[in-house]
Amino acid sequence: MVGPVKTILIADDEEDLRLLVQVTLEHPSYRILTAIDGCTAIDAVCTHFPDLLILDWMMPGLNGCEVVRKIRLRSDTARIPIVMLTAKDGLDAREQMASLNLAGYLVKPFSPLELIQKVREVLA
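Rules of the game
Residues numbered from 1 in each chain as written. Predicted model: local features only at pLDDT ≥ 70, side-chain atom pairs only at ≥ 80, totals over all residues. Heavy atoms only, no water. Axes fitted to C-alpha atoms, helices over the stretch in contact; angles between N-to-C directions. Helix = DSSP H or I, 4+ residues; strand = E, 2+ residues; numbered from the N terminus. Parallel < 35°, antiparallel > 145°, perpendicular 65-115°, else oblique. Left-handed = near helix turned anticlockwise from the far one by under 90°. Contact = heavy atoms within 4.5 Å. Pairing = 2+ DSSP bridges.

A.B. asks: Got a sec to walk through the packing of helix α2 (residues 38-48) against helix α3 (residues 64-73)? Specific residues and values, please.
C.D. replies: In contact at an axis separation of 10 Å, α2 and α3 are set at 25° when each is read in the N-to-C sense. What the angle tells us is that α2 and α3 run roughly parallel. Taken as a pair, α2 and α3 cross one another with a handedness that is right-handed. Mapping the contact onto sequence places G38, A41, I42 and V45 in α2 and V67, K70 and I71 in α3.

The structure is reproduced here in structure tokens:
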């Protein structure tokens, strides 16, 4: 038996990565939504109030860090857990992500199993 359906929003400007994450997480207990950039992600968060946002750091327009800051400013979206996807793995990047109050982050390339484990951990 499947419990309540959780909504997951995937925001990434790279279509292949969005599709990879979406296919990896396809499961009857998840409703998957996608956004192609930061502005679309904010609109989707404020419309659908997902249980989890999986967010790419490097996007044109608003990057992932800017999206997180805007979401955290609103009382109705401030507590939505966010997992950042990033190619950055230096000390500066880790410090910046730590300051954003993220539920976690995955460094690209990441394994599908690592993604599934992180999503289960955050949604538990």
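A.B. asks: Tell me about the sheet that holds strand β3 (residues 52-56), and please be specific about residues and values.
C.D. replies: Taken together, the 5 strands give an open sheet; going across it, the order is β2-β1-β3-β4-β5, and neighbouring strands pair in parallel fashion. Strand pairing shows two members of the sheet lacking a second neighbour, β2 (30-35) and β5 (104-107), which therefore form its edges. Going across the sheet, the axis of each strand differs from the next one's by a mean of 20°, ignoring polarity. In the packing of α3 onto the sheet, contacts are made with β3 and β4 (82-86), and the angle to β4 comes to roughly 170°.

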